[in-house]
Amino acid sequence: MMTLTPSQSVPNLDPAIESIREKVLAGQRLTLDDGKVLYETRDIWSVIELAKLVRDRMHPGVAYYNINRHLNYSNVCALACKFCEFARKQGDEGAYTRELGDIKEQGHKALESGATEMHIVGGLNPYLPFAYYTDMLSTLREIAPQIHLKAFTAVELVHLARIAKAYTRDDPKVGVRWVLERLKEAGLGSLPGGGAEVFDERVHKEAFKTKIGAHEWLDVHLVAHELGLNTNCTMLYGHVDKQDERLRHMEILRRSQDQALHRLGYEGDADGYIASGIVESEQISAPVITLSGERAVLPTPDGINSQRAATVKERSSESSDKQGLLPDGRGSSESDQVLGGYYQTITPLPFFPDGSALENLPGPTGLENLRTLAITRLMLDNFPHVKAFWIMQSLPMAQVMLEAGADDIDGTVVWYDITKAVGEGTHQETTELDLKRAIEEAGYTPIERDTLYRRVTRDGSRWWVGD
Ligand code: V47
């Protein structure tokens, strides 16, 4: 037998990864035990390589970015989540609430800067009436009808149902539906993914016990999907959470996406892997739907690309593998339809301890961030996109993230008040040139997208969706 000297040996090559590699190549759903292996292996580069393989299969050769503005309308918040450094009580130093005039100005600035999206979130301000929110949206809609308004996290929407007196304990979904319908009429285009944190009762109690829990967060997104609104989601990790709790968070989200995609007509695998012992996901009856295999057709808001779907149908008749396919008759040019109502993207958010009540904790390291991102890409096999939010990672790190599972960088941002990786103050801006340079240098073609991941084309100050 030949013995390898240390310099000839290949470090960190873990045979336990091999069975996972086979599943990934076959586009099969990974189990929570697989996730555990991915977290525990010393061979982090294989984890990253697998995530890149999936990311490249879903988005060959390209990475997305968008030109947007974040707007935090108020930091006054009734809650006191331990991880949050953003919230203030009314009258505290630094507490603010933007007047409608100020919001109008932000709308004009967004318009002038060519932004395609405004991302609007704030604290649970008990002093603002429901009309403030509908006025905010309709004012922005009037100023800039072309700009997509992605606004309000699930916890804000439950708060809005309460202040609008539409909330009932028996079925919170009813009040949330009423609120979302009003906001949609006022111009709401989609929901951001904030406030999910980590879906786990222990973490919830320890870090954000007065905030809504997993059930309510999921219900809000379910109602939004039923109303045809696309939504995003997040995972705020690296505080009091443990790795197995993150994996369960991912399982709950992918089951929730199974449900959304099934409603849109996707077939799936009725015998696919479903983790046991997780109340939130066991209640979901949809089959397992994966989109990470070679033949999967990603959902788009314009319906399924008919040419690609036809190829898929042809191939599917040759094969019994039906994962992630639309049933017959969907996706033909006659039946192309708007396919709203699913999760578009997950943004993993590393915890920043500074200024929070958990400031004694160290926060996650760079390798932990890359590993968690890669595992997120691998576990969330039915999420079309994984986003690198450079504000919380830095732009150089966001570039590295494109190699480890991310396919999208959010965005030009301009002002951001919640938390940030580098720099002081709320001015957090990068240019389109910097985003494109970061993407190109990583070996991808940059594609400017709108909020719904449609290609944006520009001619001077004009922009439109499509080529
Ligand atoms: O909801 C709060 C998190 C979120 C801290 O959907 C913290 O497209 C780290 O949700 N350290 C806001 N994170 C950001 C967010 C987001 C960002 C970009 C894109 C999208 C999208 C969503 O930040 C909050 C909370 O989960 N957060 N405090 C902290 N100390």
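Residues numbered from 1 in each chain as written. Predicted model: local features only at pLDDT ≥ 70, side-chain atom pairs only at ≥ 80, totals over all residues. Heavy atoms only, no water.

## Here's the deal with the overall build of the protein
Looking only at helices and strands, the protein features 15 helices and 14 strands. Across the 467 residues of the protein, 58% fall into the buried class. A separation threshold of at least 6 residues defines the contact pool for the protein, and within that pool the share at least 24 residues apart is 76%. Just so you have it, the protein exposes about 19,700 Å², and 51% of that area is on carbon and sulfur atoms. (Helix = DSSP H or I, 4+ residues; strand = E, 2+ residues; numbered from the N terminus. Buried < 20%, exposed > 50% of the residue type's maximum accessible area, 1.4 Å probe, protein only. Contact = heavy atoms within 4.5 Å. Areas by Shrake-Rupley, 256 points an atom, 1.4 Å probe, with all protein chains shown as cover.)

## Observations concerning the confidence of the model for the protein
In regions of low pLDDT, the predicted coordinates are not meant to be interpreted in detail. Overall, the predicted model of the protein reaches an average pLDDT of 89, with 88% of residues at or above 70. This model gives residues 304-323 a pLDDT under 50, and the stretch forms 29 contacts once residues within four places in sequence are excluded. Confidence over residues 325-338 falls short of pLDDT 50; this stretch has 34 contacts with residues more than four positions distant or in other chains. (pLDDT = per-residue confidence, 0-100.)

## Let's talk about the packing of aromatic side chains
On inspection of all chains with the given rule, the structure shows eleven aromatic pairs. Arranged with centres 5.4 Å apart and planes meeting at 20 degrees, the rings of Tyr 343 and Phe 383 form a pair that is stacked. Placement of the pair is Tyr 343 in strand β7 (residues 343-350) and Phe 383 in the loop between α13 (366-379) and β8 (385-389), with a sequence separation of 40 residues. Its guanidinium or amino end placed over the ring of Tyr 444, Arg 55 lies 3.8 Å from that ring's centre, counting from NZ or CZ. Arg 449 extends its terminal NZ or CZ atom over the ring of Tyr 453, reaching a point 4.1 Å from the ring centre. (Phe/Tyr/Trp six-rings, centres within 6.5 Å; stacked < 30°, edge-to-face > 60°. Lys NZ or Arg CZ within 6 Å of the ring centre and 35° of its normal.)

## Considering the site of the ligand
Within the structure, the ligand sits among 22 residues, and Phe 83, Lys 150, Gly 193, Glu 197 and Lys 387 are positioned closest to it. Backbone polar atom of Gly 193 to an oxygen atom of the ligand: 2.7 Å apart, as the coordinates give it. Residue Phe 352 places a main-chain N or O atom 2.9 Å away from a nitrogen atom belonging to the ligand. Surface burial for the ligand is 96%, taken as the share of its 610 Å² of free accessible area covered by protein chains. Taken together, the elements giving at least two residues each to the shell around the ligand come down to β6 (230-237), β7 and β8. Examining the composition of the shell around the ligand, we find that three residues originate from one element, β6, more than from any other. Here the shell around the ligand is composed, by residue class, of eleven nonpolar, seven polar and four charged. (Near = heavy atom within 4 Å. Polar contact = N/O pair within 3.5 Å; in protein donor to acceptor, adjacent residues only side chain to side chain. Nonpolar A, V, L, I, M, F, W, Y, C, P; charged D, E, K, R; others polar.)

## Re the sheet that holds β7
Pairing within the open sheet is parallel, and its ten strands lie in the order β2-β3-β4-β5-β6-β7-β8-β9-β1-β12. Looking along the sheet, the strands with just one partner apiece sit at the ends: β2 (68-72) and β12 (445-448). Put simply, the sheet's adjacent strands are angled 30 degrees from each other on average, direction ignored. Bridge count for strand β3 (residues 117-121) against strand β4 (residues 148-151) is four bridges, and the pairing is parallel. (Pairing = 2+ DSSP bridges. Axes fitted to C-alpha atoms, helices over the stretch in contact; angles between N-to-C directions.)

## Looking at the layout of surface pockets
One number sums up the size of the second largest pocket: a volume of about 250 Å³. Lining the second largest pocket are 17 residues, and of these His 148, Gly 189, Pro 301, Leu 452 and Arg 454 lie nearest its centre. Class assignment for the residues of the lining of the second largest pocket results in six nonpolar, eight polar and three charged. (1 Å grid on protein atoms, 1.4 Å probe; cavity = no way out; pocket = protein on both sides within 12 Å on 5 of 7 lines; lining within 4 Å. Points joined across faces, edges and corners; volume = space filled by probe spheres on them.)

## Points about empty space enclosed by the protein
Under the counting rule described, the total for this entry stands at five cavities of 30 Å³ or more. One number sums up the size of the largest cavity: a volume of about 710 Å³. Around the largest cavity, the lining comprises 39 residues; the ones closest to its centre are Gly 194, Gly 195, Glu 197, Tyr 416 and Ile 418. Within the residue set of the lining of the largest cavity, elements represented by two or more residues are β3, α6 (154-163), β6, β7 and β8. Across the lining of the largest cavity, the residue classes break down as 20 nonpolar, twelve polar and seven charged.

## Looking at the pattern of salt bridges
Under the criterion given, the structure shown has 29 salt bridges. Two residues, Asp 102 and Arg 98, come together in a salt bridge whose shortest N-O distance is 3.1 Å. Residue classification places Asp 102 among the partly exposed positions, given a relative accessible area of 26%. The class of Arg 98 is partly exposed, set by a relative accessible area of 21%. Two residues, Arg 202 and Glu 206, come together in a salt bridge whose shortest N-O distance is 2.7 Å. Residue Arg 202 and its partner Glu 206 are located together in helix α8 (residues 201-207), separated by four residues, close to a single helical turn. With relative accessibility at 29%, the residue Arg 202 sits in the partly exposed group. Bridged by salt links that share partners, the residues Arg 29, Arg 255, Asp 258 and Asp 381 form one connected network. (Salt bridge = Lys/Arg side-chain N within 4 Å of Asp/Glu carboxyl O.)

## Some remarks on the environment of Ala 196
With respect to the helices and strands, Ala 196 occurs in the loop between β5 (188-191) and α8. As a C-alpha pair, Ala 196 and Thr 153 span 43 residues in sequence and 8.7 Å in three-dimensional space. Sequence-distant contacts of Ala 196, defined by excluding residues within four places in its chain, comprise Trp 217, Thr 234 and His 249.

## Looking at the side chain of His 148
Tracing the chain through its elements places His 148 in strand β4. Side chain to side chain, His 148 and Ser 190 meet in a polar contact 2.8 Å long. If sequence neighbours within four positions are ignored, His 148 has contacts with Thr 116, Glu 117, Met 118, Gly 189, Ser 190, Thr 451 and Leu 452.

## Considerations on the nonpolar core
Counting residues in hydrophobic clusters, the biggest one holds 125 residues, and the most contacted among them are Ile 120, Phe 152, Leu 180, Leu 183 and Trp 217. Each residue touching Leu 183, except ones within four places of it in the same chain, is listed here: Phe 130, Tyr 133, Thr 134, Leu 137, Phe 152, Leu 157, Leu 160 and Leu 188. (Core = buried A, V, L, I, M, F, W, Y, C linked by side-chain atoms within 4.5 Å.)

## A short note on the pairing of β8
Counting buried positions along β8 gives five out of five residues, so the element sits mostly inside the fold. Of the two faces of β8, the one lined by His 385, Lys 387 and Phe 389 and the one lined by Val 386 and Ala 388 are each fully buried. For β7 and β8, the ladder comprises two bridges, and the chain directions are parallel. Paired with Ile 346 across the two strands is Val 386, which belongs to β8. Read from β7 through α13 to β8, the crossover connection turns out right-handed. Here β8 pairs with strand β9 (residues 408-410) via three bridges, running parallel. Looking at the pairing, Phe 389 lines up with Asp 410 of β9. (Right-handed = clockwise from strand over helix to strand, strands pointing away.)

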